[in-house]
Structure formats: C-alpha cells, structure tokens
Amino acid sequence: MIKVVKFGGSSVACAKQFQKVKDIVLSDDARRFVVVSAAGRMHKDDNKITDLLYLCHAHLRYSVSCDPIFQMIEDRFIAIKNELGLTYPIEKDLDNLKQSLRKNIPLDYLVSRGEYFTAKLMAEFLGYTFLDAKDFIYFSYDGSIDFVKTKEMMEHHLLKSDHFVVPGFYGAMPDGRVKIMARGGGDITGSILAKVIEANVYENWTDVSGILMADPRIVKDPRRIEKITYSELRELSYMGANVLHEDAIFPVKEKNIPINIRNTNDPFNPGTLIMELENDPSSHEGSLVTGIAGRKDFTVVAIYKNHMSNEVGIIRRALEVFEHYQISIEHIPSGIDSFSIVVNSADIKENIYDIVAQIKEQCRPDKVKVISDIALIATVGRHMSYRPGISGQLFAELGNNGINIRMIAQGTDEINIIVGVENKDFEKTTRVIYEKFVRD
Ligand code: ASP
C-alpha cells in the first residue's frame, strides 16, 4: 500500500501544525510520499508565505524595498526551525535568496521558494528524503505536464529512497527553469505524484473535514459528503465548491486512484472519498443529491427571432461574436424562437454594447435582451440520472417558495440540474433545495 499525502498551507503554518503532520504521517507506514504547500495562515488575519513572496516581487518590479516583507518570511521559517530544534541551515539559504532579490528575479523562482523551504524543514522533521520538484516534475513547452519524463525521473529517484518530502506547486520547464502552477497548485503536484508512482490513495490534508453538501455560510451545518465521483466533484467545484484544485482531479482519475480529503486538525474524521462509483439506477442506497453549489453574477443574453428553428447557422453566428471577444460561454439554453447565451458578468461587462450591436448585425434578431445579476445553482447527484421526476420536484419546490426560475440547464449525463435565479434569490434557492432533497 502506498499513499501520497499532501498537506495544504494551514497544515504547515507553524511548528504546532508541523507536529500534527508528523503524527499523521508516522501513524501509517503507507504514507511515504509527502507533498507540502508553503506555510499558510496560522489564523485568519495572518499572511500566507506565497502571498508575501508575490508581494516582494511586486515591490522589486517597481524598485521599492521589500525588506520588511522579506523579514516576515524569514521570521516565520526561522521560528519553525527553532521551535522544532531542526539543524537545516535555513538562515544561510534565506540570506542567499535575499542577496539575489533584484528587479529581474524570475517571479516563478521567487514564489516557489515558499514550498521549497517548507519542504526542506519538513523533510528533516520527518526524517524523509527531500526531493526537489524541479528535479522530477517536468512541463512541456505548451505548459502541460510531460508525464513520460516525470515518471522516468521519479523512477530514477526511487532507486535512492522510498520516503520523500516534495515541495508542491512547481516543476521545471524542459530547459530546467522553475515554473509554478496555478494558485493552489500543490494539490496538482500531489495528484501528479500519485499518478506516476501509481499510489493506492491520494490523501489531501486540509483544514476542513471533507467536502460539505452545501456552503456552510448559506446552509447551517450541512452534512459531509462521504463519497463522490470525480465527475460530480468537477460539477461542484466548477460551480464554486473549492476544497481541491479542479485540475488535481485529472491525473488520478485516469488511473482511478481515490482522493481522500482529510482534516489535519481532526485526523480521525474519515473526510470525503472521491472515486469512480458504479451508478446503479435500481439502487436506492445513498442520498439522491450529492451536493449543491452555485455562483452569482452571470449575464444572460437572450436572442429572439420568429421561425428561428428553421434558420441554419444563427447560433454559430452569435457564438462567433463571443469568440471574437474571447468570452467563454457557460450555457446555451434554447427554445423554438429564442436562445440564450449565459456568460460570467465580469467577462462581458466591458464589451456588452459592442456585443449586442454585433449580434444584431450578424443574426438580425427581432429582439435581444440582456439580463444581468443572475445566479446559477447546480444540484449534483449521480443517483439523479435515469430517475424521472427529480427536476419536476425541484422546480415545484422553488415555485412553492416564491422563487422565479429564469433559466434551466441539465448536463447530458443527467448528474446535474442547473437553475438560474436572480442574484438576490441565490441563498434562499440553495437552502430550499437542501431542505427538500437532503434534510427531508
Ligand atoms: N502556495 C501556493 C498558493 O498559495 C500553492 C498551494 O498552496 O497549493 O497558491
């Protein structure tokens, strides 16, 4: 049994958290591959080391001293080292980095040092081998991961040790330059590592006990999701539930390696298991709904034209207008004489008048209506597919509660039902759906 265990920023924020990580790792022999984020926030008003490093870079770019910020970074790492009684000469490495701080220091290199130093300290604390991510995670020039090279490099390192601590969030370009991933990318590192060593489980340790069925800021004490499929999680994270970086799903999904979301501060809680699950439509086991998530601030551009369904190419022409402005489309609900294009309000705000003008020119519609301040709420559940009547119940419940549905969309595999409502109804809609399908 091999487990890749990834600890997020708050799990490695200070010496006390380091100790919790050690207890977790050493309590299970299978936990041999440890990935860490940069030290994060110790409390809600604290700073993340990664944010401070970005801030240093911004100061350097404008030739403003970043000394006070760099000092905060040094203080944090040295405090962890001293409190844990470690010997790694981090002061020297921090000092070297300080000497190299100048206007043209590569952003990727500087920002990656947060995970680098955290991993160095953790490796010594656990007695595991430090393995620099730049020595095995390789990107191709197009920015995708070069899995062939990454696997080859990892096999080479495995000849020397089988207990590693790896800094998350970065890798190397083919020429060896450090390249960072998207924010929160430590999750992706864990997933890449799990894939290349063919781990049995990828444990992702954070500060929440798994994924909740709804946003706790909206629904009081929502239940924890025990098991969820990769596709259900994709739907929920796309709609705003963000416990795990969404790109962390693909590498492990391919190999069907389960991801277990766990809480460093509540280690006995089993958390949430993300894996491929059989969908047996005749089974009544488990809740119909796996989770509910949503986002506010969408804009619907509704295009009306009589006899539209007989006209070839009208949707394409409208979509080309959006393509021209590089705006990605969320949904395209359609009727017989109308269709709507749903986009993020932030993406369209600047060009809305030009877009409407061009749609009028390209599509010659009878009417174009722009409806802003729309929230989308996705109700996701693998058990909903092939079950008649679920959408009906959902719409009826919203109607009974006086919520006006402005738009409806459903994915082809029927694992989600998306409703568009006015922003002001967002929270209420989420609660009504939760009460109906989960609490009932
Ligand atoms: N340290 C990086 C960030 O704050 C990556 C991570 O934590 O996963 O975005």
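None of these values were measured; they are calculated from a predicted model.

Caption draft 1: Quick look at the overall build of the protein. A tally of helices and strands in the protein yields 14 helices and 16 strands. In terms of overall dimensions, the protein is globule-like: its C-alpha atoms have a radius of gyration of 25 Å, near the 22 Å expected for 440 residues. Over its C-alpha atoms, taken along the principal directions, the protein stretches across nearly 75 × 55 × 40 Å. Pairs at least 24 residues apart make up 73% of the contacts formed inside the protein by residues separated by at least 6 positions. Carbon and sulfur atoms provide 49% of the accessible area of the protein, an area that totals close to 20400 Å². Averaging the coordinates of the 54 positive side-chain charges in the protein and doing the same for the 61 negative ones gives two points 2 Å apart.

Caption draft 2: Summary view of the side chain of Thr-50. Inspection of the secondary structure puts Thr-50 in helix α2 (residues 49-61). For Thr-50, a relative accessible area of 9% gives the class buried. Not counting chain neighbours up to four residues away, the residues in contact with Thr-50 comprise Ala-38, Val-111, Glu-115, Phe-169 and Arg-183.

Caption draft 3: Quick look at helix α8 (residues 230-238). Among the residues making up α8, those that are buried are Tyr-230, Glu-232, Leu-233, Leu-236 and Ser-237. Buried residues of α8, seen end-on, are gathered within an arc of 155° and therefore sit on one face of the element. Elements in contact with the buried residues of α8: β8 (227-228), α9 (249-255), β10 (272-274), β11 (291-304) and β14 (367-380). At the exit of α8 stands Gly-240, carrying a positive phi of roughly 120°.

Caption draft 4: Molecular detail of helix α14 (residues 426-439). Taking 1.5 Å per residue, 14 residues should reach 20 Å; α14 reaches 19 Å between its end C-alpha atoms and fits that length. In the core, the buried residues of α14 are packed alongside β11, β14, α13 (390-400) and β16 (416-422).

Caption draft 5: Focus on the site of the ligand. Every residue close to the ligand is listed here: Ser-37, Thr-50, Glu-115, Phe-169, Arg-183, Gly-184, Gly-185 and Gly-186. In the model, an oxygen atom of the ligand is placed 3.0 Å from a nitrogen or oxygen of the Ser-37 side chain. With respect to the ligand, the side chain of Arg-183 contributes an N or O atom lying 2.7 Å from an oxygen atom. Compared with its free state, where it exposes 260 Å², the ligand has 91% of that area covered by protein.

Caption draft 6: Fine view of the pattern of salt bridges. All chains considered together, the criterion is met by 27 salt bridges. Between Glu-254 and Lys-195 there is a salt bridge whose closest N-O contact spans 2.6 Å. In this pair, Glu-254 is assigned in helix α9 and Lys-195 in helix α7 (residues 186-196), connecting sequence segments 59 residues apart. Arg-382 is the salt-bridge partner of Glu-232, the closest N and O atoms lying 2.9 Å from each other. With Glu-232 in helix α8 and Arg-382 in the loop between β14 and α13, this pair connects stretches of sequence that are 150 residues apart. Here Glu-232 and Arg-382 have matching classes, each one buried. Residues participating in the shared-partner salt-bridge network are Lys-3, Asp-28, Arg-31 and Glu-203.

Caption draft 7: Structural view of unusual backbone geometry. The backbone of Glu-198 shows a phi angle near 55°, a positive value even though the residue is not glycine. Residue classification places Glu-198 among the partly exposed residues on the basis of a relative accessible area of 46%. Positive phi values are uncommon outside glycine, yet Gln-326 reaches one of about 60°.

Caption draft 8: Spotlight on the packing of helix α10 (residues 314-324) against helix α12 (residues 352-363). Closest axis-to-axis distance for the α10/α12 pair is 9 Å, and the angle between their directions is 150°. Comparing their axes, α12 and α10 come out roughly antiparallel. Crossing geometry of α10 relative to α12 is assigned as right-handed. Residues Ile-314, Arg-317, Ala-318, Val-321 and Phe-322 of α10 form the contact with α12, whose participating residues are Ile-355, Gln-358, Ile-359, Gln-362 and Cys-363. Grouping the constituent residues of the contact of α10 with α12 by class yields 7 nonpolar, 2 polar and 1 charged.

Caption draft 9: Here's a closer look at the environment of Val-196. Examined against the element boundaries, Val-196 turns out to sit in helix α7. It is 33 Å that separates the C-alpha atoms of Val-196 and His-57, two residues lying 139 residues apart in sequence.

Reading guide: rules and limits
Residues numbered from 1 in each chain as written. Predicted model: local features only at pLDDT ≥ 70, side-chain atom pairs only at ≥ 80, totals over all residues. Heavy atoms only, no water. Helix = DSSP H or I, 4+ residues; strand = E, 2+ residues; numbered from the N terminus. Rg over C-alpha atoms; globule rule 2.2 N^0.38 Å. Contact = heavy atoms within 4.5 Å. Areas by Shrake-Rupley, 256 points an atom, 1.4 Å probe, with all protein chains shown as cover. Lys, Arg positive; Asp, Glu negative; His and termini not counted. Charge placed at Lys NZ, Arg CZ, Asp CG, Glu CD. Buried < 20%, exposed > 50% of the residue type's maximum accessible area, 1.4 Å probe, protein only. Arc of directions from axis to C-beta. Expected span 1.5 Å × (residues − 1). Near = heavy atom within 4 Å. Polar contact = N/O pair within 3.5 Å; in protein donor to acceptor, adjacent residues only side chain to side chain. Salt bridge = Lys/Arg side-chain N within 4 Å of Asp/Glu carboxyl O. Axes fitted to C-alpha atoms, helices over the stretch in contact; angles between N-to-C directions. Parallel < 35°, antiparallel > 145°, perpendicular 65-115°, else oblique. Left-handed = near helix turned anticlockwise from the far one by under 90°. Nonpolar A, V, L, I, M, F, W, Y, C, P; charged D, E, K, R; others polar.

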